[in-house]
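In case you want the letters, here they are:
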Amino acid sequence: MMGWTHMVVSATATSLILGTANPAVIAVGAVSGLLPDVDISTSFAGQILPWISRWLERRFPHRSCTHSLAASGFIAAVSYGITYLTGGKFWQIATAISIGYFFGWFIDAFTKSGVEMFYPSPVRCVCPSNRNFRLKSGSSQEYGLLILVMAIAVFSFNINANGGVLTQFNRLIAAPSGVEQIYNESGSSHLIKAHIKGVMTSDRSPVLGDFLIVQSLGNGFVVQAKDGKLYKAGTDPESQILINRVTADSSEPAVTTIESIVLEDDELSKVLSRFDHDNAMVFISGEITIDDPDIKFALDPHQFPFIKRSQTSDSPGVKLEVAPLKYVKKKLGDQFATGQLSIRSITTTGRLDHERV
């Protein structure tokens, strides 16, 4: 078969089996599909590796030892062996080599001469049994196969570039599990935008729009609307937005970091000031005691209750859960606090405009 056929078949198989659209991984699989033909000097692989090709060509028939399960096992053993010795960093590349090599020779089983699949047994494996339906290199049938496989390749690359088959299925049925998968895979490196259709729990008013996912919480997510307000969107009674349908997409690059701090009668504004940056959204969770028992909190009852009163021993306390930094500094900045807080910072490369909550 033509070199292009070997490459396209191997590239498509690599993408489908690994569920990847990574160009480097797919290219490795495609090139590996050419390697079985190193046993003939006129092939692309034979011209790149002439000393190996000439040695094999003098000793073995074409499509014999290099077109076999034994050869695939050898290639896999070498690839994974090198990967193991390098700390397992290149397992996907090793898998791409193994997949590409196997499909590179397996497609030749559909040619008129077949392959010695079970080498060193000289028996040739040929499919189909009717010789008239076998492929000939450069024939119209091979070009037809090439076009079909290329169409499958485009479909596979597109599906995998957008999260894979499972993600696309979840998007089709708008399942929260699909959003959770996208958030788990990309939430540490990108902003995740959720497209939500549902109702407000409080008054059953309709909700339809885009929200930024801040973090997962129970059977749902804490999300931020464009005006900066926070809600829990989910399927449990504690949610402010009950979800009917939800999909999600990764947006601009962003890095999420979580840091714990311990307060020992420290002024809150001074401790939190180092987290306040123009290109970061910062949310605070934890429980602290403060020195002012009469401080008032006035939140929109439709919003997520990110700040609540609590009682720790004999001291007035405050419980924070995904509370915006600016709100905490405004309401509690002059307080001396004791306790432990978790600081979640979502930092982008551009400037973020924080709205008042």
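Residues numbered from 1 in each chain as written. Predicted model: local features only at pLDDT ≥ 70, side-chain atom pairs only at ≥ 80, totals over all residues. Heavy atoms only, no water.

(A) Examining the overall build of the chain more closely. Along its length, the chain carries 11 helices and nine strands. The burial tally for the chain puts 44% of its 357 residues in the buried class. When contacts within the chain are restricted to residue pairs at least 6 apart in sequence, long-range pairs at least 24 apart make up 64% of them. Surface summary for the chain: the accessible area is close to 18,600 Å², and the carbon and sulfur share equals 59%. (Helix = DSSP H or I, 4+ residues; strand = E, 2+ residues; numbered from the N terminus. Buried < 20%, exposed > 50% of the residue type's maximum accessible area, 1.4 Å probe, protein only. Contact = heavy atoms within 4.5 Å. Areas by Shrake-Rupley, 256 points an atom, 1.4 Å probe, with all protein chains shown as cover.)

(B) Quick look at the environment of G333. Looking at the secondary structure, you find G333 in the loop between helix 11 (325-332) and strand 9 (336-348). On the basis of relative accessible area, G333 is assigned to the buried category, the value being 5%. Residues G333 and V271 lie 62 residues apart in sequence; the distance between their C-alpha atoms is 9.2 Å. Every residue in contact with G333, bar those within four places of it in the chain, is listed here: E267, L268, S269 and V328.

(C) Highlighting the UniProt feature "transmembrane region" (unreviewed entry) in the chain. The residues that UniProt annotates with the feature "transmembrane region" (unreviewed entry) are residues 90-107 and 143-161. Along residues 90-107 the backbone is 89% helical and 0% strand, and the end-to-end C-alpha distance reaches 26 Å. (UniProt positions renumbered as here; feature names shortened; annotations may be inferred.)

(D) Local environment of the nonpolar core. By size, the foremost hydrophobic cluster in this structure holds 36 residues, and its most contacted members are L268, L272, I288, L332 and L341. Listing elements by their share of this core, those giving two or more residues are strand 2 (206-216), strand 5 (241-267), helix 10 (268-272), strand 6 (280-289), strand 8 (315-324), helix 11 and strand 9. Looking at which element gives the most residues to this core, the answer is strand 6, with six residues. (Core = buried A, V, L, I, M, F, W, Y, C linked by side-chain atoms within 4.5 Å.)

(E) Broad picture of the pairing of strand 1 (residues 190-200). The pairing of strand 1 with strand 5 spans 10 bridges and is classified as antiparallel. Looking at the pairing, G198 lines up with I243 of strand 5. As paired strands, strand 1 and strand 2 are joined by seven bridges and run antiparallel to one another. The residue bridging V199 from the neighbouring strand is P206, located in strand 2. (Pairing = 2+ DSSP bridges.)

(F) Molecular detail of the side chain of T14. Mapped onto the elements of the fold, T14 is located in helix 1 (residues 3-18). With a relative accessible area of 0%, T14 lands in the buried category. A distance of 2.8 Å separates the side chain of T14 from the backbone oxygen of S10, its partner in a polar contact. Setting aside chain neighbours within four positions, we find T14 in contact with G19, T20, V25, I26, G29, A96, I99 and G100. (Polar contact = N/O pair within 3.5 Å; in protein donor to acceptor, adjacent residues only side chain to side chain.)

(G) Quick peek at helix 11. Looking at helix 11, one finds that the buried residues are L325, Y327, V328 and L332. The arc that holds every buried residue of helix 11, seen down its axis, measures 160 degrees, which confines them to one face. (Arc of directions from axis to C-beta.)

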